[in-house]
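One letter stands for each residue in the lines below.
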Amino acid sequence: MASLSLSVTLSASTRSRSKKKTKETKEINICDLERRETSVFCYCNNIQPRNATDANCWIFDRFEVDNPIWGHFTSQLYLEKLTFTVRQDGSITYVPTAVLKQLKNLHSVTFQYASIPELAERSFSNLSSISEINLSRNMIVVLRKFAFENMKNLTMVNLDENRIVEVNRDVFVGLPKLTKLSFNRNNISTLHDKAFKHLSTLLELELNGNQIAVITRDSFHGLRNLQKLDLRNNLLSMIGDRSFIEMPELRELELDQNKIEFISEDALEGMRNLKKLRLSENKLVSLEPDFLAGAPGVSFLNLRDNALRTMTFDNVKPIVTNLYNSNSYFYLDGNKLICDCKLAWIWGLRNETKNKKLRDTLEELTCFLESNNASLRSSQEAGNDQPLGAADRAEEYQAEKPRGGNEEDAYMGDGGEYYEYEEEYEDAASNSNALPKVEVVEGKVGYVRHLFDLKPEELPCPEPSREDLMASEQPSSHRDRARAGSSGSIFSLSSAEALIGSRSTLGLLQLLVVAIFT
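Keep in mind that this is a model prediction, so the values were computed, not measured.

**Things to note about a negative patch on the surface**
A cluster of acidic side chains, namely Asp-241, Glu-265, Asp-266 and Asp-290, defines a negative patch on the protein surface. Since its relative accessible area comes to 32%, Asp-290 is described here as partly exposed.

**Re the packing of helix α4 (residues 345-352) against helix α5 (residues 356-363)**
Viewed as axis vectors pointing N to C, α4 and α5 meet at an angle of 150°, and their least axial separation amounts to 8 Å. When the axes of α4 and α5 are compared, the pair comes out roughly antiparallel. Considering how the two elements wind past one another, α4 and α5 form a crossing that is left-handed. Residues Ile-346, Leu-349 and Arg-350 of α4 form the contact with α5, whose own contacting residues are Arg-359, Leu-362 and Glu-363.

**Brief notes about the layout of surface pockets**
The gaps of empty space that remain are located by a probe, the size of a water molecule, rolled over the atoms. Volume-wise, the second largest pocket comes out at about 280 Å³. In this structure, the second largest pocket is lined by 14 residues; those nearest its centre are Ile-338, Asp-340, Glu-370, Glu-442 and Lys-444. Looking at the lining of the second largest pocket, the element that brings in the most residues is strand β23 (residues 366-370), giving 3 residues. Of the residues assigned to the lining of the second largest pocket, the class counts are 8 nonpolar, 1 polar and 5 charged.

**Observations regarding empty space enclosed by the protein**
Inspection of the entire model under this criterion finds 1 cavity of 30 Å³ or more. When its volume is computed, the largest cavity comes out at roughly 40 Å³. Looking at the largest cavity, the residues that line it are Ile-239, Phe-244, Leu-255, Ile-263, Ala-267, Leu-268, Leu-277, Leu-279 and Phe-291. Split into classes, the residues belonging to the lining of the largest cavity amount to 9 nonpolar, no polar and no charged.

**A word on the environment of Leu-332**
If you trace the backbone, Leu-332 turns up in the loop between β22 (329-331) and α4. Residue Leu-332 is classed as buried on the basis of its relative accessible area of 2%. Between the C-alpha atoms of Leu-332 and Leu-362, which are 30 residues apart in sequence, the distance is 7.9 Å. Among residues more than four places away in sequence, those in contact with Leu-332 are Leu-303, Leu-308, Met-311, Leu-337, Ile-346 and Leu-365.

**So, the packing of aromatic side chains**
How two aromatic rings sit relative to each other is set out by the distance from centre to centre and by the angle between their planes. Under the defined criterion, the tally for this structure stands at 17 aromatic pairs. With a centroid separation of 4.6 Å and 45° between ring planes, the pair formed by Phe-63 and Trp-70 is classed as tilted. Following the ring pairs from residue to residue traces out a cluster consisting of Phe-63, Trp-70, Phe-73, Phe-84, Tyr-94 and Phe-111. Across from the ring centre of Phe-300, 4.6 Å away, lies the NZ or CZ of Arg-278, which sits over that ring. If you follow Arg-304 out to its NZ or CZ, it ends over the ring of Tyr-331, 4.0 Å from the centre.

**Points about the sheet that holds strand β6 (residues 124-125)**
The sheet built from 3 strands is open, its strands ordered β6-β9-β12 with parallel pairing. Every other strand in the sheet has two partners, leaving β6 and β12 (172-173) as the edge strands with one partner each.

**A few points about α5**
Taken as a whole, α5 has its buried residues at Leu-358, Thr-361 and Leu-362. With its buried residues spanning 100° around the axis, α5 presents them on a single face. Facing away from the buried side of α5, by more than 90 degrees, are the exposed residues Lys-356 and Lys-357. Tucked inside the fold, the buried residues of α5 contact β22 and α4. The residue sitting at the N-terminus of α5 and contributing the capping side-chain oxygen is Asn-355; that oxygen lies 2.9 Å from the backbone nitrogen of Lys-357.

Calculation criteria
Residues numbered from 1 in each chain as written. Predicted model: local features only at pLDDT ≥ 70, side-chain atom pairs only at ≥ 80, totals over all residues. Heavy atoms only, no water. Patch = residues over 30% accessible without salt bridge, like charges linked within 9 Å, V, L, I, M, F, W, Y side chains within 5 Å. Areas by Shrake-Rupley, 256 points an atom, 1.4 Å probe, with all protein chains shown as cover. Salt bridge = Lys/Arg side-chain N within 4 Å of Asp/Glu carboxyl O. Lys, Arg positive; Asp, Glu negative; His and termini not counted. Charge placed at Lys NZ, Arg CZ, Asp CG, Glu CD. Buried < 20%, exposed > 50% of the residue type's maximum accessible area, 1.4 Å probe, protein only. Axes fitted to C-alpha atoms, helices over the stretch in contact; angles between N-to-C directions. Helix = DSSP H or I, 4+ residues; strand = E, 2+ residues; numbered from the N terminus. Parallel < 35°, antiparallel > 145°, perpendicular 65-115°, else oblique. Left-handed = near helix turned anticlockwise from the far one by under 90°. Contact = heavy atoms within 4.5 Å. 1 Å grid on protein atoms, 1.4 Å probe; cavity = no way out; pocket = protein on both sides within 12 Å on 5 of 7 lines; lining within 4 Å. Points joined across faces, edges and corners; volume = space filled by probe spheres on them. Nonpolar A, V, L, I, M, F, W, Y, C, P; charged D, E, K, R; others polar. Phe/Tyr/Trp six-rings, centres within 6.5 Å; stacked < 30°, edge-to-face > 60°. Lys NZ or Arg CZ within 6 Å of the ring centre and 35° of its normal. Pairing = 2+ DSSP bridges. Arc of directions from axis to C-beta. Polar contact = N/O pair within 3.5 Å; in protein donor to acceptor, adjacent residues only side chain to side chain.

Structural data, given as structure tokens:
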């Protein structure tokens, strides 16, 4: 009898311990785990059950989808922000969709340093509370259809620094509040037509640092409210007709650091809201006369570090009055401009803009002036052919801006006349910085000069080109008179165009006199 009683007592005790153990297992708190007992450790802003709102979980080992720890995330049902960071010795290859669906208050989810080669269909689906998803640096290669689907509050998706090679259709579906999508620094070479067709609310699309070589209007089909497009550091070589017409609300277009050699005259058609256009560090040699006609609102234009030989008034005519404003910007330095009368309009812009920074930037512009042009005519008139003979030894007497003065002091007299080249050359032995910089461009010998060290009337005029013959009148100045320029004359945009349109040297000088004294 005693033995039976002891057996019953032990049995009851065992059942009690078993129930207690089961109860304890169900109540494991992910914010209060022992590091030695699990492959994941979560740092939370509150370790009390159901009180944490922010958890940063570090994964130390391979974390399989059937790991029982996933079941214990219900101990913190009110999490609003959840981050998974994978250590070097850890691994996770999937998105725990089922776990995310249990966290009804979750607003932000982040995965970093995971190894997720494929983002499966509906990885993020019907998660109505989530507004931000950060998947940067997870070695993602493939995005399956409907990877992001039916998420009514999602506003931002970050897919930076993965290995994505293409963006297919229907990856993003049913996202009525998505405003920012980022693919920076991936391996994307293909944007499939209409890949973004469901993203009518998107405001920012970032594709910086990829391998995109071709874009068409269908690449951006559906992005009717997009305001900023970042295509910097890709492999684009040309921009064709109406490439951006599907984005009529676009305000910022960034195309820096590509290989663009050609921009169609109608490339920017329909972009009446565009304000900022960045095209620096490309391979542009020339621009179509009216390439800005479709974007008359541009007030920030960056063309730095291309290979432009000229920038005519026709190129900027649609936006020139915008550049008068105090918040306008226009960058043209770092090109290979030729000193001729096609640049005369820049005097007018320098005089009329209210933006001091823009004036200062224009003052630094340099151009290439052939040795037989007007600025060296006193040397040629004296029968001195030294510049041509010196071409073979250009490296020996190239000079930068002289020490202790401005560049103009090195080769202009007190009265503004130019020294003869021979005198400058003879003085080179005592001061190598006293010479202008000599270059050979396309077989022609000349100097690199600061544009505003020259005088407008001394700019040579080449034979009229097709663009010159088609040039129309400039808009009249909004001021009666422009400020005095560095040459000491009053020179406006209208007088600059008169110089450009004239065919003869005599005509140029006559028009200049009219511009100065009227």
